[in-house]
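Chain by chain, the residues:
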Amino acid sequence: MTTFALIGAGPGLGAAVARRFGREGFDIALISRSQDHLDALAAALHKDGIHARGFAADVRDDQALTAALDAATATLWPIEVLQYSPVPHQDFMKPILSTHSEDLYSPLAFSLFGPMTAVEQALPGMRELGRGTVLFVNGGSAVHPHPERAGTSIAFAAESAYATMLHGALAPENIHVAQLIIPGAIAPGDEHTDPALLADTLWNLHHQRGAFRHYASPMDT
């Protein structure tokens, strides 16, 4: 048995993905800032027969994130699948002309340093298993920068570059890296962005191990 570690666990997409991977036999490590919210989500998953535990950490705190992933591995099983999908903060989304260099520290800590810390922590276990998957979930500004959301656009671009390079570097080790771009809002009932549909897509990215970048719905260029 192995663990699916979900960084950015919440009641929408996070819960749907946890259920999808849990149905496939994974233990679920839930990571976000609030232990109370994690405990509530874990309890809801337990009612569906899914073994889940919450480990609180702010992704901008590399020591806390490392400790959470260490605790997840020690409490559950080695991490085979890591998903990085926390929702960016609203204060990252200033217009470009109102964004200064100091405004980028927090978005970069959130979208670049956080995933780097997480991957570095999970990789040794994946290498021991001889397999693994790293899933990145980003909004449309990761590929089409939005001048009204400068911090997120810049940080997502850095995250995308990092993930792209990982895809090539880790493929020879049977560790698959993929990115799902979700343009616009996640909306229950939508034909493209319903959480359950997105969860199926993420499962397929892990299971089928194809190309790096995928889109939940078409994007205007």
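Refer to the structure printed above.
Residues numbered from 1 in each chain as written. Predicted model: local features only at pLDDT ≥ 70, side-chain atom pairs only at ≥ 80, totals over all residues. Heavy atoms only, no water.

Draft legend 1. Focus on the packing of helix α3 (residues 62-75) against helix α4 (residues 105-129). Running from N to C, α3 and α4 cross one another at 35°; their axes reach a closest spacing of 10 Å. Handedness of the crossing formed by α3 with α4: right-handed. Seen from α3, the contacting residues are Asp-62, Leu-65, Thr-66, Leu-69 and Asp-70; seen from α4, they are Gly-114, Thr-117, Ala-118 and Gln-121. Residue composition of the contact of α3 with α4, grouped by class: 3 nonpolar, 4 polar and 2 charged. (Axes fitted to C-alpha atoms, helices over the stretch in contact; angles between N-to-C directions. Helix = DSSP H or I, 4+ residues; strand = E, 2+ residues; numbered from the N terminus. Left-handed = near helix turned anticlockwise from the far one by under 90°. Contact = heavy atoms within 4.5 Å. Nonpolar A, V, L, I, M, F, W, Y, C, P; charged D, E, K, R; others polar.)

Draft legend 2. The packing of helix α1 (residues 13-23) against helix α2 (residues 35-47), seen in detail. Packing of α1 against α2 brings their axes to within 11 Å, and their N-to-C directions diverge by 40°. What the angle tells us is that α1 and α2 run oblique. Between α1 and α2 lies a crossing of right-handed hand. Here Ala-15, Ala-18 and Arg-19 of α1 lie close against α2, whose contacting residues are Leu-41, Ala-44 and Leu-45. (Parallel < 35°, antiparallel > 145°, perpendicular 65-115°, else oblique.)

Draft legend 3. The arrangement of the packing of aromatic side chains in detail. Following the criterion strictly, the structure yields 6 aromatic pairs and no others. With 4.1 Å between their ring centres and 5° between their planes, Phe-4 and Phe-21 make a pair best called stacked. Taken together, the residues Phe-4 in strand β1 (residues 3-7) and Phe-21 in helix α1 connect sequence positions 17 residues apart. When the centroid spacing of 5.1 Å and the interplanar angle of 75° are considered together, the rings of Phe-21 and Trp-203 count as edge-to-face. Taken together, the residues Phe-21 in helix α1 and Trp-203 in helix α6 (residues 195-208) connect sequence positions 182 residues apart. The pair Phe-21 / Trp-203 is uniform in exposure class, with both members buried. The rings of Phe-4, Phe-21, Phe-26 and Trp-203 are connected pair by pair, giving a single aromatic cluster. (Phe/Tyr/Trp six-rings, centres within 6.5 Å; stacked < 30°, edge-to-face > 60°. Buried < 20%, exposed > 50% of the residue type's maximum accessible area, 1.4 Å probe, protein only.)

Draft legend 4. Broad picture of the environment of Glu-191. With respect to the secondary-structure elements, Glu-191 resides in the loop between β6 (175-182) and α6. Overall, the relative accessible area of 67% leaves Glu-191 in the exposed class. Put simply, Glu-191 and Ile-28 are 163 residues apart on the chain and 27 Å apart in space, counted from C-alpha to C-alpha.

Draft legend 5. Layout of the nonpolar core. Ranked by size, the top nonpolar core spans 32 residues in total, and within it Ile-7, Ile-31, Leu-69, Leu-82, Val-119, Phe-136 and Val-177 carry the most contacts. Counting residues per element, the ones that place at least two in this core are β1, β2 (27-31), α3, β4 (79-84), α4, β5 (132-139), α5 (150-170) and β6. Among the elements that line this core, the one with the most residues is α4, at 7 residues. In contact with Leu-69, not counting residues within four places along its chain, are Ala-5, Ile-7, Ile-31, Ile-79, Leu-82, Ala-118 and Gln-121. The next biggest cluster of nonpolar side chains, apart from the first, holds 30 residues, and it includes Phe-4, Ala-16, Ala-18 and Phe-26. (Core = buried A, V, L, I, M, F, W, Y, C linked by side-chain atoms within 4.5 Å.)

Draft legend 6. Region of interest: α1. Of all 11 residues in α1, 9 are buried, a share of seventy percent or more. Remark: Gly-25 follows α1 within two positions and exhibits a positive phi of approximately 100°.

Draft legend 7. Region of interest: the side chain of Thr-99. Structurally, Thr-99 is set in the loop between β4 and α4. A polar contact is formed between the side chain of Thr-99 and the backbone oxygen of Pro-95, at a distance of 2.8 Å. Those residues in contact with Thr-99 that sit more than four places away from it in its chain are Lys-94, Leu-104 and Ala-150. (Polar contact = N/O pair within 3.5 Å; in protein donor to acceptor, adjacent residues only side chain to side chain.)

Just distances and angles here, no functional claims.
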